[in-house]
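# Residue-level structure breakdown
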Amino acid sequence: MFIAELMELKPLSLTYKDELFTLINTNRQHLREWLPWVDLTKSPADTESFLESAINQYQSGQGPQYAIFSDSALCGVCGFHPFDLSNRTGSIGYWLGEACSGKGIMARAVQALVEQGFREYDLNRIEIACATGNTKSRAIPERLGFKLEGVFREREYVNGRYLDQAIYSMLASEFQAQS
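Residues numbered from 1 in each chain as written. Predicted model: local features only at pLDDT ≥ 70, side-chain atom pairs only at ≥ 80, totals over all residues. Heavy atoms only, no water.

### Concerning the overall build of the protein
Operational definition: Put simply, DSSP marks the helices as runs of H or I at least four residues long and the strands as runs of E at least two long, and each gets a number from the N terminus on. The reference for a compact globule is 2.2 Å times residues^0.38; the radius of gyration itself is calculated from the C-alpha atoms.
From N to C terminus, the protein includes six helices and eight strands. Going residue by residue from the N terminus, the α and β elements of the protein occur as β-β-α-α-α-β-β-β-α-β-α-β-β-α. What you see for the protein is a C-alpha radius of gyration of 16 Å, in line with the 16 Å of a compact globule of 179 residues. Based on the C-alpha atoms only, the size of the protein along its principal axes is roughly 45 × 35 × 30 Å.

In structure tokens form, the structure reads like this:
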């Protein structure tokens, strides 16, 4: 999926196993502050398991996940967690290598996911949860017009500490009003 000049989202596939593991490994300190799965990703085989899960999720109609490329280089991942189809709800997760942060890449990628979620998957609600202290991550839903619904206290255990999570959402009616 073409997003912007020199930026593209490509469906996750096993061909990215080694490149994705290298990106995670290179950014381990940067990512582990906010993401619980980083310390569990110890080898390309762990990355392969994640990729297989993402591929199965997509093939079963539960939502796509993408590799983010900027200037032809893999720089992160974004996508939907498994859809709640009975309620037409999706939630988006994302991460980016440190060298690509602060360039507007993730905002464009998440905007593309939001459009896909509402237009192609007919979702009624899309959520994004971010650790309250992760200001860069929180800037994405705020910039895209999501509404802060509240904070879930000590919702996620990361790196030996509990993190509060800010919960953002956008409804299909709000997306249509923005478009």
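Further notes follow.
### Some words on the pattern of salt bridges
To be explicit about the condition: The rule for a salt bridge is simple: a side-chain nitrogen of Lys or Arg has to be within 4 Å of a carboxyl oxygen of Asp or Glu. Exposed residues in this analysis have more than 50% of their type's maximum accessible area, buried residues have under 20%, and partly exposed residues fall in between, with area computed by a 1.4 Å probe over protein chains only.
Overall, the coordinates contain seven salt bridges when judged by the stated rule. As a salt-bridge pair, arginine 32 and aspartate 39 come within 2.7 Å of each other at their nearest N and O atoms. Exposure remark for arginine 32: the relative accessible area of 23% places this residue in the partly exposed category. Residue classification places aspartate 39 among the partly exposed residues on the basis of a relative accessible area of 33%. One connected set of salt bridges, linked through shared partners, spans Arg125, Glu127 and Glu149.

### Thoughts on the state of the cysteines
To keep things clear, this is the line we draw: Disulfides are defined as cysteine sulfur pairs within 2.5 Å.
Counted by the stated rule, this structure contains zero disulfides. Sulfur of cysteine 78: no disulfide; nearest cysteine sulfur belongs to cysteine 75 and is 9.3 Å away. When its relative accessible area of 0% is taken as the criterion, cysteine 78 is described as buried. Among the cysteines around cysteine 130, which has no disulfide bond, cysteine 78 carries the closest sulfur, lying 13 Å off. Classification of cysteine 130 by relative accessible area gives buried; the value is 3%.

### Describing the environment of leucine 51
For clarity, the cut-off: Contacts: residue pairs with any heavy atoms within 4.5 Å of one another.
Inspection of the secondary structure puts leucine 51 in helix α3 (residues 44-59). The spatial distance from the C-alpha of leucine 51 to the C-alpha of threonine 89 is 22 Å, given a sequence separation of 38 residues. Those residues in contact with leucine 51, other than ones at most four positions away along the chain, are Leu12, Ser13, Leu14, Tyr16, Lys17 and Leu20.

### Overview of the side chain of serine 169
This is how the line gets drawn: Each polar contact in these results corresponds to two N or O atoms within 3.5 Å; when the atoms are within protein, one needs to be able to donate a hydrogen and the other to accept it, and residues that are neighboring in sequence are counted only if both atoms are side-chain atoms.
For serine 169, the position within the fold is in strand β8 (residues 161-171). Assessed through its relative accessible area of 4%, serine 169 is described here as buried. Engagement of the side chain of serine 169 in a polar contact is seen with the side chain of glutamate 149, the distance being 2.6 Å. Serine 169 has contacts with Arg125, Ile126, Glu127, Phe146, Lys147, Glu149 and Glu174, leaving out every residue within four places of it along the chain.

### Quick look at the packing of helix α1 (residues 17-26) against α3
Here is the rule we go by: All axes here are fitted lines through C-alpha atoms, helices being fitted over the stretch that makes contact, and every angle between N-to-C directions spans 0 to 180 degrees. Working definition: roughly parallel below 35 degrees, roughly antiparallel above 145 degrees, roughly perpendicular at 65 to 115 degrees, and oblique for all remaining angles. Here a crossing is called left-handed whenever its near helix is offset anticlockwise from the far helix by less than a right angle, and right-handed whenever the offset is clockwise. Each residue is assigned to one class: nonpolar for Ala, Val, Leu, Ile, Met, Phe, Trp, Tyr, Cys and Pro, charged for Asp, Glu, Lys and Arg, and polar for all the others, Gly among them.
Two elements in contact, α1 and α3, have axes whose closest approach is 9 Å; the angle formed by their N-to-C orientations is 115 degrees. With respect to α3, the element α1 is oriented roughly perpendicular. As α1 packs across α3, the resulting crossing turns out to be right-handed. For the pair formed by α1 and α3, the contact residues are Lys17, Asp18, Leu20, Phe21 and Ile24 on the first element and Pro44, Thr47, Glu48, Phe50 and Leu51 on the second. In terms of residue class, the contact of α1 with α3 is built from six nonpolar, one polar and three charged.

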